[in-house]
Amino acid sequence: MRIEAGVATDIGQVREGNEDSYLVEPPLFAVADGMGGHRGGEVASQLALETLEARFRASTGTLAEQVRAANEAVFARSAADRKVSGMGTTLTAVQVRGDGAHLVHVGDSRAYLLRAGSLRQLTQDHTLVQRMVQAGEITAEEADVHPHRNVLTRSLGTDPEVVVDEQDVGLLEGDRLLLCSDGLTSMVTEGQIQAILEATPPAQEAADRLVRAANNAGGVDNITVVVLDVLGGDAEQQVGEGSAGGSAGTGDPGHAPPSPGVPGTGGPTAGDPTFGGSRRVVRWVVAAVAVVVVLVAGVTGFRAWVDGRWYVGAANEHVAVYQGIPATVLGLELSHVDLETDILAADAEALPLYANLADGLNANGRDDALTIVDQIRRDLRKQARTARGAGA
Ligand code: MN
């Protein structure tokens, strides 16, 4: 089985940077859509795919384990570098092998399969609205226009561990796979995507046309697409270092690779002529500088870690979303209110599930905290309905 790949990424019409990244390194293909601040999203999606690629090339573990390694790398960088604290990314990757593909997925980028005239979404979005659709609370059409449709319930790099969706997909000659960030699917309907995929034979041209369609529709977000055509013939797919025919590239070629977030180095060294004289003094100065660097890095790292924590608690007698941890060190509060809701804390605490609200309900990121708030609201509504029903 041979694979022909087309890839296109674009900043769109509105955003100031492209936080999407892609990986076309046969037999591995991926898209990642970063989020979190000015630099955060870009760093997160690139670092995730660089780590995935490195692990894949080194053949360490399964594809899902390689994705979990990418999660750890992004999480560690986020904790170590204040400038990108709290960053995260989606990641949807496919490894073609034998007569099929292995698919791994976290977030709301998507994989589709076009086969015999029908387009099927292979991945399930890890979003709040998708959860609501599954619970029967809203329809898929309502989800498409829901104000919180971008809220992720799962992402890569925002927590020490991540659950990775996995599936095997059998492939047939003539199949066309599409990996894309939500900048495509939020702008272009599945009907339009299918029409473009069906009308455009070369993979690269199809990728370009999909990006153009998203831009024509408004291009509100960064757009990234990878189109993979399954061709006949016995030519073994190229693996690793033998990938002569494969175009390769991590991330937007227009972007410089992220600089490593190493805390301040470059203090005086023993070789510094201004420190000539007693070697013992030099050694003492170097040791002192090292201690200061370690202390500063430790405090900075801790601060960044705290800022990456979220929980739901009570503020001014209302349910509130907090950034930080519910603790005080040396009289210093380690959290602040991010959002105070209109839900009365006492109402929530009356439900057994939220009796410990005052102590703080841990959340996996801000999105997750908002999901918890949403859940509290729904549970209260449900309880109100039940109470009314009982009274009638
Ligand atoms: Mn996006």
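Every residue gets a number counted from 1 within its own chain, in the order that chain's sequence is written. Predicted model: local features are reported for residues with pLDDT of at least 70 only, side-chain atom pairs are reported and counted for 80 or more only, and whole-chain, interface and lining totals are derived from all residues. The basis for every side-chain value is the complete set of heavy atoms in the structure, and neither hydrogens nor water enter the calculation.

(A) Examining the environment of Glu198 more closely. Helix and strand labels come from DSSP, where a helix needs a run of H or I of at least four residues and a strand needs a run of E of at least two; each type is numbered from the N terminus. When you line up the elements, Glu198 lands in helix H6 (residues 190-199). In sequence terms Glu198 and Arg115 are 83 residues apart; their C-alpha atoms lie 9.8 Å from each other. We call two residues in contact whenever any of their non-hydrogen atoms come within 4.5 Å of each other. In this structure Glu198 touches Leu114 and Gly117, once residues within four positions along its chain are discounted.

(B) Geometry of the coordination of the manganese ion. Coordination partners: N, O, S within 2.8 Å of the metal, 3.2 Å for Na, K and Ca; water not considered, so apparent gaps in a site are possible. Those protein atoms acting as donors to the manganese ion are Asp33 (OD), Asp182 (OD) and Asp221 (OD), and they sit at 2.1 to 2.2 Å. Along the chain, the residues donating to the manganese ion are arranged with the sequence spacing D-x148-D-x38-D. Here Asp33, found in strand E3 (residues 28-35), pairs with Asp221, found in the loop between helix H7 (203-216) and strand E11 (223-231); they are 188 residues apart in sequence, far enough to count as distant. Residue burial is assigned from relative accessible area. The probe radius is 1.4 Å, only protein chains are included, and a residue is buried under 20% of its type maximum, exposed over 50%, and partly exposed in between. With a relative accessible area of 8%, Asp33 lands in the buried category. What makes Asp221 buried here is its relative accessible area of 10%.

(C) Molecular detail of the sheet that holds strand E14 (residues 332-344). Taken together, the 4 strands give an open sheet; going across it, the order is E14-E13-E12-E15, and neighbouring strands pair in antiparallel fashion. Lying at the two open borders of the sheet, with one neighbouring strand each, are E14 and strand E15 (361-363). On average, each strand axis in the sheet is tilted by 40° relative to the strand beside it, whichever way the strands run. Pairing of strand E12 (residues 310-315) with E15, which is carried by 3 bridges, proceeds in the antiparallel orientation. What makes two strands pair is DSSP finding at least two bridges between them. Fitting a line to C-alpha atoms yields each axis, with helices limited to the stretch in contact; the angle taken between N-to-C directions then spans 0 to 180 degrees.

(D) The confidence of the model for the chain, seen in detail. Along the chain, pLDDT gives the predictor's confidence residue by residue, from 0 to 100. For the chain, mean pLDDT is 85; residues scoring 70 or higher make up 86% of the total. Residue range residues 236-276 is modelled with pLDDT below 50. Its contacts to residues more than four positions away, or to other chains, number 64 contacts.

(E) Inspection of the packing of aromatic side chains at higher detail. A pair of aromatic rings is counted whenever rings of Phe, Tyr or Trp (Trp by its six-membered ring) have centres within 6.5 Å, and the orientation is called stacked for planes under 30 degrees apart, edge-to-face for over 60 and tilted otherwise. By the definition in use, this model includes 1 aromatic pair. On the basis of an interplanar angle of 0° and a centroid distance of 4.7 Å, the ring pair of Tyr311 and Tyr322 is categorised as stacked. Taken together, the residues Tyr311 in strand E12 and Tyr322 in strand E13 (residues 318-329) connect sequence positions 11 residues apart. Using a relative accessible area of 6% as the deciding quantity, one classes Tyr311 as buried.

(F) Looking closely at the pattern of salt bridges. Here a salt bridge means any side-chain nitrogen of Lys or Arg lying within 4 Å of a carboxyl oxygen belonging to Asp or Glu. On inspection of all chains with the given rule, the structure shows 14 salt bridges. Close ionic contact of Arg82 with Asp307 constitutes a salt bridge, the shortest N to O distance being 3.4 Å. In this pair, Arg82 is assigned in the loop between helix H2 (63-80) and strand E4 (88-89) and Asp307 in helix H8 (residues 279-307), connecting sequence segments 225 residues apart. A relative accessible area of 15% means that Asp307 is categorised as buried. Linking Arg176 and Asp229 is a salt bridge whose minimum nitrogen-to-oxygen distance equals 2.6 Å. Of this pair, Arg176 sits in strand E10 (residues 176-180) while Asp229 sits in strand E11, and the two are 53 residues apart along the sequence. The exposure class assigned to Arg176 is buried, which follows from its relative accessible area of 5%. Connected through salt bridges with shared partners, the residues Glu25, Glu53 and Arg57 form a single ionic network.

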